[in-house]
Amino acid sequence: DTEVTQTPKHLVMGMTNKKSLKCEQHMGHRAMYWYKQKAKKPPELMFVYSYEKLSINESVPSRFSPECPNSSLLNLHLHALQPEDSALYLCASSQGDYRSYNEQFFGPGTRLTVL
Amino acid sequence: AQSVAQPEDQVNVAEGNPLTVKCTYSVSGNPYLFWYVQYPNRGLQFLLKYITGDNLVKGSYGFEAEFNKSQTSFHLKKPSALVSDSALYFCAVLSGGSYIPTFGRGTSLIVHP
């Protein structure tokens, strides 16, 4: 299995809602990433997990809360989001430690709209 | 500090013609360079990378890139473009001590039939 899967594909939520994004990979990768991407722009790194430990948090607001329950799963919990948080949220994984300079494998993303 | 530039927002090429998508970088130390492609409403897909060794790197779908240290460039090339190559292409760089990739702004490749 050489895929990164993400659910849901689309999500519409109000500013008071709580929702979660899910990411899964079965490639044995030990580094997992969350990115935010606006239309026609490069992805912006949010969080990096390496061996299930949060290694990098790029000063992301606390309304985004990541979780790595095991080596195959990565969640992003959302609460009290703002309309400007509407974007494509991408999950990625890479082999070994995130400091290994390996290429990343991306999921198809979750298109999030905050009303 | 590391940075990467993709000087063209858009590249237009006729099907069957060669294509080049440009990327230049700036790093302190040795660069680790990557090309990714993004089709509409999809995630990024890895094409190729340069870590060390041969300056000409071959990747997926007939793409290749040439690492040029003196010009600090890593241009993506393909000898014969296909309409299905139309997509958004991102160059990315890592350098020693920095483990967060810096992506270029992206170049939209349009291949005309």
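Structure's up top.
Residues numbered from 1 in each chain as written. Chains lettered and ligands numbered in written order. Predicted model: local features only at pLDDT ≥ 70, side-chain atom pairs only at ≥ 80, totals over all residues. Heavy atoms only, no water.

Enquirer: Would you take a moment to explain the overall build of chain A for this structure?
Expert: Helices and strands together make up the secondary structure of chain A, namely 0 helices and 11 strands. N-terminal to C-terminal, the α/β element order of chain A is β-β-β-β-β-β-β-β-β-β-β. Pairs at least 24 apart in sequence give 56% of the contacts found in chain A among residues at least 6 apart. Separation of charge centres in chain A, based on 13 positive and 11 negative side chains, amounts to 7 Å. (Helix = DSSP H or I, 4+ residues; strand = E, 2+ residues; numbered from the N terminus. Contact = heavy atoms within 4.5 Å. Lys, Arg positive; Asp, Glu negative; His and termini not counted. Charge placed at Lys NZ, Arg CZ, Asp CG, Glu CD.)

Enquirer: Would you take a moment to explain the interface of chain A and chain B for this structure?
Expert: Interface extent is often summarised as the accessible area lost during association of the parts. With 21 residues of chain A at the contact, the number on the chain B side is 24 residues. Taken together, the two surfaces of chain A and chain B that pack against each other cover about 1,800 Å², and 64% of this comes from carbon and sulfur. When the buried surface of chain A facing chain B is broken down by residue, Tyr101, Glu103 and Phe106 of chain A rank first, second and third, together holding 37% of it. The tally of links between chain A and chain B comes to 1 salt bridge. Across the salt bridge formed by Glu103 of chain A and Lys49 of chain B, the nearest N and O atoms sit 2.6 Å from each other. Our count for the contact surface shared by chain A and chain B stands at 4 residue pairs in polar contact (both at pLDDT 80 or more). Broken down by secondary-structure element, the contributors of at least two residues to the side of chain A that touches chain B are strand 4 (31-37) and strand 9 (87-94) of chain A. Of the residues contributing to the side of chain A that touches chain B, the split by class is 11 nonpolar, 4 polar and 6 charged. (Buried area = accessible area lost by both parts, 1.4 Å probe. Salt bridge = Lys/Arg side-chain N within 4 Å of Asp/Glu carboxyl O. Polar contact = N/O pair within 3.5 Å; in protein donor to acceptor, adjacent residues only side chain to side chain. Nonpolar A, V, L, I, M, F, W, Y, C, P; charged D, E, K, R; others polar.)

Enquirer: Even after reading the chapter, I still don't get unusual backbone geometry, so can you show me in this structure?
Expert: The omega torsion of the bond from Thr7 of chain A to Pro8 of chain A falls at -10°, within 30 degrees of zero and hence cis. You can see Pro8 of chain A is positioned in the loop between strand 1 (4-7) and strand 2 (10-13).

Enquirer: Quick question: what am I supposed to make of the pairing of strand 4 of chain A here?
Expert: Taken residue by residue, a regular strand's side chains alternate between the two faces of the sheet. Residue and element names in this part refer to chain A. Among the 7 residues of strand 4, 7 are classified as buried, and the element is accordingly described as predominantly covered. Burial along strand 4 is two-sided: Ala31, Tyr33, Tyr35 and Gln37 and Met32, Trp34 and Lys36, pointing in opposite directions, are all buried. Following strand 4, the chain reverses through 6 residues before pairing antiparallel with strand 5 (residues 44-50); Lys40 in that reversal takes a positive phi of roughly 65°. (Buried < 20%, exposed > 50% of the residue type's maximum accessible area, 1.4 Å probe, protein only. Pairing = 2+ DSSP bridges.)

Enquirer: Honestly, the packing of aromatic side chains in this entry has me stumped. Any pointers?
Expert: A ring pair, where both rings are aromatic, is described by two values, the distance of the centres and the angle of the planes. Throughout the structure, instances matching the rule amount to 16 aromatic pairs over all chains. With a centroid separation of 5.8 Å and 80° between ring planes, the pair formed by Tyr98 of chain A and Tyr99 of chain B is classed as edge-to-face. Here Tyr98 of chain A is found in the loop between strand 9 and strand 10 (105-106), whereas its partner Tyr99 of chain B is found in strand 11 (residues 98-103) on a different chain. Owing to a relative accessible area of 13%, Tyr98 of chain A belongs among the buried residues under this scheme. Ring pairing ties together the aromatic residues Tyr33, Tyr35 and Phe106 of chain A together with Phe34, Tyr36, Phe46, Phe90 and Phe103 of chain B, which thus form one cluster. (Phe/Tyr/Trp six-rings, centres within 6.5 Å; stacked < 30°, edge-to-face > 60°.)

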